[in-house]
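Listed below are the residues making up each chain.
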Amino acid sequence: MKTLLYYFFITITLLLFSSKVGAQYLSTYYITFETSDINVATHVKIDSNSIWQIGKPQKVSFTNAYSGQRAIVTDTANPTSVGDTSFFYLFSSANNPPGQQYMSFHYRMFCDSLKDYGKVEISGDLGNNWLDLVRDASTYDFYSLTDTIFTGRTNWKYFTVNYTPWYWDQFNYPIKRTSDTIIYKFTYISDSTSIYTDGWEIDQIYVDSYYIPGGTVENSNNGLKIYPNPVTSSLFIKENSLI
């Protein structure tokens, strides 16, 4: 009888405790660009007139990916074009419950720092308005920015951004998110006098959003009574107030 009562108390305790702790949910995916990566077909779209390509880099400076064999590059084999603007999109589903919103990727550049450059933009209204994650950072409270110079000649760098305040419109921003889809736009631009270079290589794109559901109701310590203790022959359970 004592053993049975012990396990009964453990079960009741766990049920009560579970009502106080909200579960944590995580929506995360990597874009690795490997042949086995199903996220590429779902989340990445390259403009039809773009020089961006997915594959194994075979250029002068770009001869490998950051991880694995494949990356997305301004042409995997040929030099960049002169006077070109090329872009690709990354699509991400918005989470309705409140939470943190991040995006990051690894990259390297090999271009003329005076004439060629890259930029990363975000749209929360299906592409009607675009916000530059670097230039518009102060206006829209994009933070945790790292390695934001998308030009010149660099080794592998890591870019990350947290755009949670704008995502939830915490401070009534001029341009708001109105769609349940977030679109990122990666653009590489070269001018008409540029020299031929390797351009821009990107790998291991990471999108992360997590949240803790709010508003769980705590049960009162006096909500449930189990008696008598110790038990002799009968056990009684009394509910005072459970919500």
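See the structure above.
What comes next concerns the included structure.

Cut-off values and rules
- Residues numbered from 1 in each chain as written.
- Predicted model: local features only at pLDDT ≥ 70, side-chain atom pairs only at ≥ 80, totals over all residues.
- Heavy atoms only, no water.
- Helix = DSSP H or I, 4+ residues; strand = E, 2+ residues; numbered from the N terminus.
- 1 Å grid on protein atoms, 1.4 Å probe; cavity = no way out; pocket = protein on both sides within 12 Å on 5 of 7 lines; lining within 4 Å.
- Points joined across faces, edges and corners; volume = space filled by probe spheres on them.
- Nonpolar A, V, L, I, M, F, W, Y, C, P; charged D, E, K, R; others polar.
- Pairing = 2+ DSSP bridges.
- Salt bridge = Lys/Arg side-chain N within 4 Å of Asp/Glu carboxyl O.
- Buried < 20%, exposed > 50% of the residue type's maximum accessible area, 1.4 Å probe, protein only.
- Lys, Arg positive; Asp, Glu negative; His and termini not counted.
- Polar contact = N/O pair within 3.5 Å; in protein donor to acceptor, adjacent residues only side chain to side chain.

Remarks on unusual backbone geometry
The phi torsion at Asp147 lies on the positive side, around 50 degrees, for a residue other than glycine. Mapped onto the elements of the fold, Asp147 is located in the loop between α3 (137–140) and β9 (157–162). Of note in this structure, Asn172 is not a glycine but carries a positive phi near 55 degrees. Note on placement: Asn172 falls in the loop between α4 (164–167) and β10 (181–189).

With respect to empty space enclosed by the protein
All chains considered together, the criterion is met by 1 cavity of 30 Å³ or more. By volume, the largest cavity is sized at about 30 Å³. Secondary structure elements with two or more residues in the lining of the largest cavity: β5 (85–93), β10 and β11 (199–211). No other element matches the 3 residues that β11 contributes to the lining of the largest cavity. Residue composition of the lining of the largest cavity, by class: 5 nonpolar, 4 polar and 1 charged.

Topic: the sheet that holds β5
With antiparallel pairing, the 5 strands of this open sheet are ordered in space as β2-β5-β10-β7-β8. Looking at which strands have only one partner, the edges of the open sheet turn out to be β2 (44–46) and β8 (131–132). Two strands pair when backbone bridges link them, and strand β7 (residues 117–123) and β8 are joined in this way by 2 bridges, in the antiparallel orientation. Residue pairing for β8: Ile122 is matched across the bridge by Leu131.

Let's talk about the layout of surface pockets
Estimates place the volume of the largest pocket at around 170 Å³. Looking at which element gives the most residues to the lining of the largest pocket, the answer is β7, with 3 residues. Residues belonging to the lining of the largest pocket are distributed by class as follows: 4 nonpolar, 3 polar and 3 charged.

Topic: the pattern of salt bridges
Side chains bearing opposite charge may pair, as long as their charged atoms lie close to each other. The tally for this structure, following the rule as stated, stands at 4 salt bridges. In this structure, the salt-bridge partner of Lys119 is Glu121, at a minimum N-O distance of 4.0 Å. Residue classification places Glu121 among the buried positions, given a relative accessible area of 11%.

Looking at the pairing of β5
Pairing of β2 with β5 involves 3 bridges; the strand directions are antiparallel. What sits directly across from Lys45, in β5, is Tyr89. Alignment of β5 against β10, held across 9 bridges, turns out to be antiparallel. Residue pairing in the sheet places Ser93 in a bridge with Thr181 of β10.

What about the pairing of β7?
Burial of β7 is extensive: 5 of the 7 residues sit out of reach of the surface. For β7 and β10, the ladder comprises 7 bridges, and the chain directions are antiparallel. The residue of β10 that forms the bridge with Gly118 is Tyr188.

As for the side chain of Lys59
Residue position: Lys59 is located in the loop between β3 (52–55) and β4 (71–74). Buried Lys59, no salt bridge; nearest opposite-charge side chain is Asp198, N-O distance 4.6 Å. Of the polar contacts made by the side chain of Lys59, one reaches the backbone oxygen of Thr74; its length is 2.7 Å. In terms of polar contacts, Lys59 uses its side chain to reach the backbone carbonyl oxygen of Asp198, at 2.8 Å.

Focus on the environment of Gly152
Within the secondary structure, Gly152 is located in the loop between α3 and β9. Owing to a relative accessible area of 9%, Gly152 belongs among the buried residues under this scheme. Taking C-alpha positions, Gly152 is 9.2 Å from Arg108, a pair spaced 44 residues apart along the chain.

Function-wise, these values are silent; they only describe arrangement.
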